[in-house]
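# Observations on chain architecture
Each chain is listed here by its residues.
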Amino acid sequence: MSEARKAIFARLNQRKISTKKHDFQAPLATKHLNKTEAKKLLIEKLQENRAEVYSIPSTSLTDTLTTIATEKGYKTWLFGKNLSGAKTASKALESVSNEISVIQYDSDYETLREVLFHQVDVSVTSVKAAIAETGTLLLIPDKNEPRMMSLIPPVHIAILKQSDIVTSFQQVADNPPWQGKNMPTNILFISSPSKTADIQQTIAYGAHGPKELIVLIVN
Amino acid sequence: MKTKFSKRIELALADSQLRMNFRGAMDFLRNKRQLAFNDVEEWQALRKKGAAIRQDAIQRLPELLTQLEHQCQQNGIQVHWAEDGNEANKIILNIAQQHNAKQVIKGKSMATEEIELNDFLEKHEIDCIESDMGEYIVQLDNEKPSHIIMPAIHKNTAQITDLFEKKLGISTPSGDVDALIGVGRRILRERFEHADIGISGVNFAIADTGTLCLVENEGNGRLSTTAPPVHIALMGIEKVIPNIQVLPTLQRLLTRSATGQHITSYLNLISSPRKKGELDGPKEVHLVLLDNGRANISQDEKLQSTLACIRCGACMNHCPVYTRIGGHAYGSTYPGPIGQVVMPQIKGFKQEGELLDACSLNGACGEACPVEIDLPELIRTLRHRKQESSSTCWSKEVFIWFVWTKIHLHPWLYRQATLLMAVFRTLNLNYPKGWTRTRTMPKAAKMSLHRQVRERSKTKKKKENE
Amino acid sequence: MLNSLPESPQVYLFGTCLIDTFYPKAGLDAIALLELAGYEVVFPQAQTCCGQPPYNSGFKAPALKIARQTIKLLSSKDIPVIVPSASCASMIKNHYPALFQKDTSDAQLAHNLSLRTFELIDFLADKLPYGQQLSFPHCKVTLHQSCSALREMGVASAWRAILEKLNNLEICFPENKQECCGFGGTFAVKSDAISAVMTEDKCQNLMATGGASILSGDMGCLMNIGEHIKFEGQADPCLHLASFLVKRFGLNHED
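A quick note: this is a predicted structure, and the numbers were derived from the prediction, not measured.

Another aspect to go through is the overall build of chain B. Regarding its fold elements, chain B presents 23 helices and 10 strands. Projecting the C-alpha coordinates of chain B onto the three principal axes gives extents of approximately 105 × 55 × 50 Å. The buried share of chain B, taken over its 466 residues, is 63%. In chain B, of all internal contacts separated by at least 6 residues, the share reaching a separation of at least 24 is 72%. If you sum the accessible surface of chain B, you get close to 18,000 Å²; carbon and sulfur atoms cover 53% of it. Distance between charge centroids for chain B: 11 Å, based on 62 positive and 53 negative side chains.

All names here are of chain C. Side chains Ser213 and Leu215 of strand β7 (residues 213–216) all project onto a buried face; the interleaved residues Ile214 and Ser216 project onto the opposite face, where all are buried too. Across 3 bridges, the pairing between strand β5 (residues 139–143) and β7 is parallel. Each residue of the ladder has a partner; that of Leu143, found in β7, is Leu215. Two strands pair when backbone bridges link them, and β7 and strand β8 (residues 238–240) are joined in this way by 3 bridges, in the parallel orientation. The partner of Ile214 across the bridge, within β8, is Cys238.

Here we take up the pattern of salt bridges. Residues and elements named next belong to chain B. Summed over the entire model, instances satisfying the criterion amount to 44 salt bridges over all chains. Put simply, Lys167 and Asp141 hold a salt bridge, and the shortest N to O gap is 3.8 Å. With Lys167 in helix α9 (residues 157–168) and Asp141 in the loop between α8 (133–140) and α9, the pair connects residues that are 26 residues apart, well separated along the chain. Across the pair Arg385 and Asp300 runs a salt bridge whose closest N-O atoms are separated by 2.8 Å. Here Arg385 is found in helix α19 (residues 375–389), whereas its partner Asp300 is found in the loop between α13 (294–298) and α14 (314–318), with 85 residues between them in sequence.

This brings us to the interface of chain B and chain C. Residue-level contacts link 62 residues of chain B with 67 residues of chain C. Interface area for chain B against chain C, summed over the two sides, is near 5,600 Å², with a carbon-plus-sulfur share of 61%. Here chain B is connected to chain C by 10 salt bridges. For Asp201 of chain C, the salt bridge goes to Arg324 of chain B, with nearest N and O atoms at 2.9 Å. Put simply, chain B and chain C have 29 residue pairs in polar contact (both at pLDDT 80 or more) between them.

Okay, the domain arrangement of chain B next. Assigned domains within chain B: domain 1 (50–296) and domain 2 (396–465). Each of domain 1 of chain B and domain 2 of chain B has a C-alpha centre, and the two are 57 Å apart.

Turning our attention to the packing of helix α16 (residues 336–347) of chain B against α19 of chain B. Residues and elements named next belong to chain B. Here α16 crosses α19 at 35 degrees, and the two axes come no closer than 9 Å. For the pair α16 and α19, the sense of crossing is left-handed. Here α16 contributes Pro337, Ile338, Gln340, Val341 and Gln345 to the contact with α19, which in turn contributes Leu375, Leu378, Ile379 and Leu382. Here the contact of α16 with α19 is composed, by residue class, of 7 nonpolar, 2 polar and no charged.

Our next topic: the nonpolar core. Within soluble globular proteins, side chains that are nonpolar generally end up buried alongside one another. Of all hydrophobic cores here, the largest spans 89 residues; its most connected members are Phe189 of chain A, Leu247, Val321 and Ile325 of chain B together with Ile194 of chain C. Setting aside anything within four residues of it in sequence, one finds Ile325 of chain B in contact with Ile9, Ala12, Leu13, Leu18 and Tyr330 of chain B together with Ile194 of chain C.

Our focus in this paragraph is the pairing of strand β7 (residues 155–161) of chain A. Residues and elements named next belong to chain A. Summarising burial for β7: 6 of the 7 residues are buried, a large majority. Bridge count between strand β4 (residues 122–126) and β7: 5 bridges; the pairing is parallel. Directly across from Thr125, in β7, lies its bridge partner Ala158. The sheet contact formed by β7 and strand β12 (residues 212–218) spans 7 bridges and is parallel. Of the residues in β12, the one forming a bridge with Leu160 is Ile217.

The parts lose accessible area when they come together, and the size of an interface is often stated as this lost area. Each partner contributes residues to the interface: chain A has 78 residues there, and chain B has 97 residues. In this assembly, chain A packs against chain B so that about 7,600 Å² is buried in total across both faces, 56% of it on carbon and sulfur atoms. Summed over the three residues of chain A that lose the most area to chain B, namely Phe24, Ile199 and His208 of chain A, the buried surface amounts to 12% of that side. Note that Glu83 of chain B and Arg11 of chain A form a salt bridge whose closest N and O atoms lie 2.8 Å from each other.

The interface with the highest contact count, out of 2 pairs of chains in contact, is the one between chains A and B. For chain A and chain C, which are not in contact, the least C-alpha distance works out to 13 Å.

Note that an α-helix has 3.6 residues per turn; residues three or four places apart therefore point the same way. If you check helix α4 (residues 60–73) of chain C, its first and last C-alpha atoms are 20 Å apart, about what 14 residues at 1.5 Å a residue would give, namely 20 Å. Of the residues making up α4 of chain C, those classed as buried are Pro62, Ala63, Ile66, Ala67, Gln69, Thr70 and Ile71 of chain C. Considering only its buried residues, α4 of chain C is in contact with α20 (396–408) and α21 (411–423) of chain B together with α3 (52–56), α5 (86–99) and α6 (105–116) of chain C.

To describe a pair of aromatic rings, you give the distance between the ring centres and the angle between the ring planes. This structure, assessed with the given rule, holds 16 aromatic pairs over all chains. With centroids separated by 6.2 Å and ring planes inclined at 85 degrees, the aromatic side chains of Trp435 of chain B and Phe183 of chain C adopt a geometry described as edge-to-face. Of the two residues, Trp435 of chain B sits in helix α22 (residues 433–436) while Phe183 of chain C sits in the loop between β6 (169–172) and α10 (187–190), which places them in two different chains. Taking the relative accessible area as the measure of exposure, Phe183 of chain C reaches 17% and is therefore buried. Within the aromatic cluster, the residues linked to one another by ring pairs are Phe5, Phe22, Tyr322 and Tyr330 of chain B. Lying over the aromatic face of Phe118 of chain C, Lys93 of chain C brings its terminal NZ or CZ to 5.4 Å of the ring centre.

Within this structure, the stated rule accounts for 7 cavities of 30 Å³ or more. When its volume is computed, the largest cavity comes out at roughly 800 Å³. Lining the largest cavity are 44 residues, with Lys108, Ile149, Asn203, Val215 and Glu216 of chain B sitting closest to its centre. Where the lining of the largest cavity is concerned, the elements lending two or more residues are β10 (195–196) of chain A together with α2 (16–36), α6 (110–114), β6 (211–216), α11 (220–226), β7 (230–236) and α12 (247–259) of chain B. Broken down by element, the residue count for the lining of the largest cavity peaks at 4 residues, all from α12 of chain B.

Before going further, it helps to spend a moment on α9 of chain B. Residue and element names in this part refer to chain B. Here α9 spans 16 Å end to end across 12 residues, near enough to the 16 Å set by a 1.5 Å rise per residue. The complete set of buried residues in α9 reads Thr157, Ile160, Thr161, Leu163 and Phe164. Projected down its long axis, α9 shows its buried positions confined to an angular sector of 160 degrees, all on one face. Turned more than 90 degrees from where α9 packs its buried face, Asp162 and Lys166 sit exposed.

All names here are of chain C. The strand order across the open sheet built from 4 strands is β2-β1-β3-β4, with neighbouring strands paired in parallel fashion. What marks the edges here is a single partner per strand, and that holds for β2 (40–42) and β4 (117–119). Averaged over neighbouring strand pairs, the angle between their axes works out to 35 degrees when direction is ignored. Of the strand pairs in this sheet, strand β3 (residues 81–83) and β4 are connected by 3 bridges, and their pairing is parallel. Note that in β4 the partner of Val81 across the bridge is Thr117. α6 rests against β1 (10–13), β3 and β4 of the sheet, and its axis sits at about 35 degrees to β4.

Thresholds applied
- Residues numbered from 1 in each chain as written.
- Chains lettered and ligands numbered in written order.
- Predicted model: local features only at pLDDT ≥ 70, side-chain atom pairs only at ≥ 80, totals over all residues.
- Heavy atoms only, no water.
- Helix = DSSP H or I, 4+ residues; strand = E, 2+ residues; numbered from the N terminus.
- Buried < 20%, exposed > 50% of the residue type's maximum accessible area, 1.4 Å probe, protein only.
- Contact = heavy atoms within 4.5 Å.
- Areas by Shrake-Rupley, 256 points an atom, 1.4 Å probe, with all protein chains shown as cover.
- Lys, Arg positive; Asp, Glu negative; His and termini not counted.
- Charge placed at Lys NZ, Arg CZ, Asp CG, Glu CD.
- Pairing = 2+ DSSP bridges.
- Salt bridge = Lys/Arg side-chain N within 4 Å of Asp/Glu carboxyl O.
- Buried area = accessible area lost by both parts, 1.4 Å probe.
- Polar contact = N/O pair within 3.5 Å; in protein donor to acceptor, adjacent residues only side chain to side chain.
- Domains from an automatic or database assignment.
- Axes fitted to C-alpha atoms, helices over the stretch in contact; angles between N-to-C directions.
- Left-handed = near helix turned anticlockwise from the far one by under 90°.
- Nonpolar A, V, L, I, M, F, W, Y, C, P; charged D, E, K, R; others polar.
- Core = buried A, V, L, I, M, F, W, Y, C linked by side-chain atoms within 4.5 Å.
- Expected span 1.5 Å × (residues − 1).
- Phe/Tyr/Trp six-rings, centres within 6.5 Å; stacked < 30°, edge-to-face > 60°.
- Lys NZ or Arg CZ within 6 Å of the ring centre and 35° of its normal.
- 1 Å grid on protein atoms, 1.4 Å probe; cavity = no way out; pocket = protein on both sides within 12 Å on 5 of 7 lines; lining within 4 Å.
- Points joined across faces, edges and corners; volume = space filled by probe spheres on them.
- Arc of directions from axis to C-beta.

If you want it as structure tokens, here you go:
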């Protein structure tokens, strides 16, 4: 045990003061939204924060991605392994034009670093859940969909299942989609493209991470 | 060498550009926050809960810190303890040297400012680059942050355009913020790609899961904590919270108070280094727990609430003094009301006690604080402590209050004093100078209220007797 | 002594040292209004200052002594204590109780006094006979809500409410109305540079409203504001709310 630790705890344990009970667990009044309201609010909030949002039937995921590829001219696509339909989508994208290529995040970051920083135009990930109240996507990166996917490429396309929309952050915290104290390495709450207002309070997007965030809500 | 506080204040007040930049920025931030908390009842309930969460955590620091340490270690995070800034710097340097690190990239962290980490690493030939846009701008100009949330708030776009041209040799169209951010992005992404170590602060640390929470908009915090092979997080020991259930309340209070946002772009929860089979993330995560006076503050009933602070900056945005002199004039890591409260406690009255004078006790900061810290009361209490700690010396001020007390404790003497003032009311005094620099001296009335009331009751009695 | 007339309820007036020495008119006006509202005003001649100046300047011991003296003075009768200044009222109401160790007799007395202490305008707001006010031509006034009224005492809304009950009166507020005027007691002397700028800004905003008078219930702020406006070579437009009300109700007393 370090000396510093001992000294700090000695100071902390002087118990010079009387302690009071603080009721911090009383829940706050919350509104509960039904599915339609929640989806509507989510879209509204995401758009407020400069995300592009499309609501699509599950059958047209591939079509939507190829349309985005054609319209926006994104060439190098990055996929992970979590997304169902990724294979079909990759194939379809590559057949749009021979300029389009698809990369899989399947080796470690050190190997892929240069590609990630300099080649990838757009990355596609799944989303664990979404919070309507603030327009927030919950991502839990893992070996199939690593952390950098939603961070380094200039465009991030997030695929959200409509059934995964909840009302509030508190709901997620009270019933987290992970196992008790077994925390995933990293949990991300994403609410907009990367942005800054550090220069004269003027908002600029794409400070370090994605300049664009496209959310596809799949029915 | 630091100039005197009063000198720095005069300089800041004379800088009309600086004054305009701050006034504009503070009005903007206050209005945005106002809009975010337009539901007063909701704000009060949220604030009450936030205060309770923080006060509970401060009272249970030993328990929560033990739990945090244990859980972090379980998760593979290496935990270090530092009694002061010097120790924290050495721990961080040691880790860096073990990895032969030459380049460090840093996310925004006031704790690293507090321990002056950049200077320390530089002395040991480790290049430490700030990656938050505001911090980067400030570092480029060899300055310190002037605000804890918006470090470069003292500069306007034109000044930053000039700075980039001068220091980087890159010119951008005038007034083009996107272009400036684009320059920063290019340079900093290069650094993220190649840095040996990433250093960050911590907004909250969850004890029962061993999780570090980082709140940010830019993504530089995420990059600093994900790209380099080693991540070192530095946090003050007061930032621990019991569990994730309390996080939503604190997050809402923090982001809305800081920038008026309902949530930031990113909330990043880190619970371990890269696990086996995972493809990215640092292979080592270190958590440095910094005391630097905090443990002692936690044992002081009257000052303990200092530690409840969640570093949102609302107190400075609402402070009429900060709004006018800006952050640099304070010459301290934390400026504004929270700085006036924190700095004298961690550095002592001798070094930072002067900060306590720059407050009119108007109460705007306390009203704005999202976790109900009674900042004016803390400032008042610290003024008392400062005075008590120097009570042996007879300064001019001590003498004045000694005489004042003698007079005011003796009603007869007091009445003679007011009588004297009335008699000499026509004397044109130009004292005290502080008052008369922008005001005339008030004239005592011909007859004090005491006297007039006495006369009045005499006449009344006379009338009654007639 | 026998008295057949029904006795009016009594109140103490704690006049404050500033009003006592510099602005006794405001104190007399406070008495006139209290009497209009049906109270008999008791003004203990032994009162001095509430102790706020040393208390806020870091000198707790003198403040404690003054507080003891004031508490004793204002506790011989169990009647309301009326203070024509929000900041002095707050000293007695909010800070006296915190000066003493819990559960001591001093703390008990301070607590009792705290419950009986009111800021003048707040106390009067629902007690004045508004039907008796004189009629006046349309007039515009500017209200300076002091920081103590806004925050520590929470009586700023009562100030506004009382003005709203007066006829033909337009009430203006300056830009940044929530901001401190720069007085802050010894702050104005100790941190004179900052205080000066705050005062200048406040006066500019107040004057820009075009109100004929600047009204407030805190004589400290009004002294700061008025003396600056005089410094700038203009006439002092400041008036204590009590004095303004006295005019409105046509109450005369010998000056």
